Structure formats: structure tokens, C-alpha cells
Amino acid sequence: DWAYTTIIVAEPIFSIPEDQDICYGSSVRLIATGGTSYEWFPKEGLDNPFSGSPIAAPSDTTVYSVQITNTNGCNFQGSVMINVIPEIIPRLNLEQSNLCAGSREIRLTNDSENAESISWSFGDGNTDESWETSHEFAEDGEYLVTGTLRRDKCVEKVSYDLNILELNIPNVLTRNNDGFNDVLKITSATPVQLTIYTRWGTKVFEAAEYNNDWAGDGLRSGIYFYEALLANNEVCSGWIQLLNDSE
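Our subject in this report is the structure included herewith. (Residues numbered from 1 in each chain as written. Predicted model: local features only at pLDDT ≥ 70, side-chain atom pairs only at ≥ 80, totals over all residues. Heavy atoms only, no water.)

1. Comments concerning the sheet that holds strand β18 (residues 235-242)
- Spatial ordering of the open sheet is given by β14-β18-β17-β15-β16, a layout of five strands whose pairing is mixed. Two strands close off the open sheet at either side, each with one partner strand: β14 (172-173) and β16 (203-207).
- The pairing of strand β15 (residues 193-197) with strand β17 (residues 222-229) spans five bridges and is antiparallel. Paired with Gln 193 across the strands is Leu 229, a residue of β17. (Pairing = 2+ DSSP bridges. Helix = DSSP H or I, 4+ residues; strand = E, 2+ residues; numbered from the N terminus.)

2. Quick look at the pattern of salt bridges
- The tally for this structure, following the rule as stated, stands at six salt bridges.
- The partner of Glu 39 in a salt bridge is Lys 43, with the nearest N and O atoms 3.4 Å apart.
- Glu 39 sits in the partly exposed class, given a relative accessible area of 27%.
- Across the pair Glu 166 and Arg 104 runs a salt bridge whose closest N-O atoms are separated by 3.0 Å. Of this pair, Glu 166 sits in the loop between β13 (154-164) and β14 while Arg 104 sits in the loop between β7 (92-96) and β8 (105-110), and the two are 62 residues apart along the sequence.
- The structure contains a network of salt bridges with shared partners spanning Arg 104, Asp 140 and Glu 166. (Salt bridge = Lys/Arg side-chain N within 4 Å of Asp/Glu carboxyl O. Buried < 20%, exposed > 50% of the residue type's maximum accessible area, 1.4 Å probe, protein only.)

3. Observations concerning the side chain of Asn 70
- Residue placement: Asn 70 occurs in the loop between β5 (62-69) and β6 (75-85).
- Polar contacts involving the side chain of Asn 70 include one to the main-chain amide nitrogen of Asn 72, which spans 3.0 Å.
- Discounting residues that sit within four places of it in the chain, Asn 70 has contacts with Pro 12, Phe 14, Gly 34, Gly 35 and Thr 36. (Polar contact = N/O pair within 3.5 Å; in protein donor to acceptor, adjacent residues only side chain to side chain. Contact = heavy atoms within 4.5 Å.)

So, in C-alpha cells, the structure goes:
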């Protein structure tokens, strides 16, 4: 009698992921197949180094190796590189100047690290892709100014809520109780520190944060001089003519 045994030899099929790029602070799932047990090295940055599909969140570029074993005891070893794109560190600065002259211009400087490009959106329909730039708003209003920094597929955004309001300091107070120019009303987007002097330099009024309430009470008609310190440390100076109805 003859006995026959059929032995089927099948080539094991293993797979591991391709090399990948991720942004700093993000993660990626590593999917390996073909085995019943898995072990990844190094274990740092992995949520489960014994899983076939661990989540990797390395802080630096890392090469992960995996040992795969199937039900027949066949082994496979492979590796995958996770390239961590350097963290974009935004260092943007927005400032306004020439407010005393009624300017609505903003200046934007950029000292960001690890960014390759930037795009600016000014909230009024205008954009700019210069590394540093300036922009003049056509009218008063509230605007959201956004700088979008990019490196490869990674993006960081910085936004500013901006209230643009042309500075106006009237130069006449009539004080005739007609509801017009009876008090000094300053139009400003930010608080104003106001000081008022006589023509001889005597201080007659001072407010660390002016509330549009100076009417020159107790003062004679004449020319008075002011200094207005703005939030950006710009100092506006000028004169005010005070006219008393009774004089």
C-alpha cells in the first residue's frame, strides 16, 4: 500500500507602510499585515508597539522597525521612516503708526521660524504673499487679519481682531449748549491719555483714559493745547479753541 501526503508551500505575504511625512505634533497610523504577532522598535512615540496598526506620534524623524510573525512561524522584518516636518513657530507682529495723521495703515513684520511661505488676508477682500508687508484700509470697520504660514503640507495661522477707526480730535468747543461741540469728543479705536494746557504751559486737565467729558468748565475763551498719548505710544499734539457763549 502507498500513502501520499500533499504539502502545500505558500509564500507568506507581509506588508508594511511606506515612508511618510507628518507635521510636528501630529500622528500617523502604521499598518502592517500578514502576521499574528507584531513588535515595533523603538517603542517611543507608539501607542501600542505590539499592534499591527499602532499610532505613531514621534517628536523627531524616526525609523520604526517591525518584526512580524505569522501562524506558521515565518518571520519578516521591515522598517518605515516617519519624517517629522519641523514645527512652524509663528512670530508675527502687527502695529499701527501715523495715527495722529489719520492713517488707517497697518504694518506686519514676520520673524517666524521654519516657515517657507506666508499669505496674508486683511479681511477686506485684499491679500498679500509678501514675507512682510503693510496695508491701508479704505474705511473704518472691524477686520480679521490673518497670517497663514506654510511649510510643505503643514500650516499655522495667526489672526488679529482689528478695529480700524480714523483718529479725530476736534479743535473747537463752542459751549453754547446746542448739542454740538459742547464737549471734546475724541474718536479713537483705543484709549487715549489726554492732557490739556494753557498757552503758558499750565496744566488744566488730565485723564489717564479720556471719557469724552471735557468741556473746559471754569476756563475762559481762548486757545488751549493738548497732548494725546495713544495705545501704541504715539503722541498727538495740537490746539483747541474754547468759545464760551457768555463771553
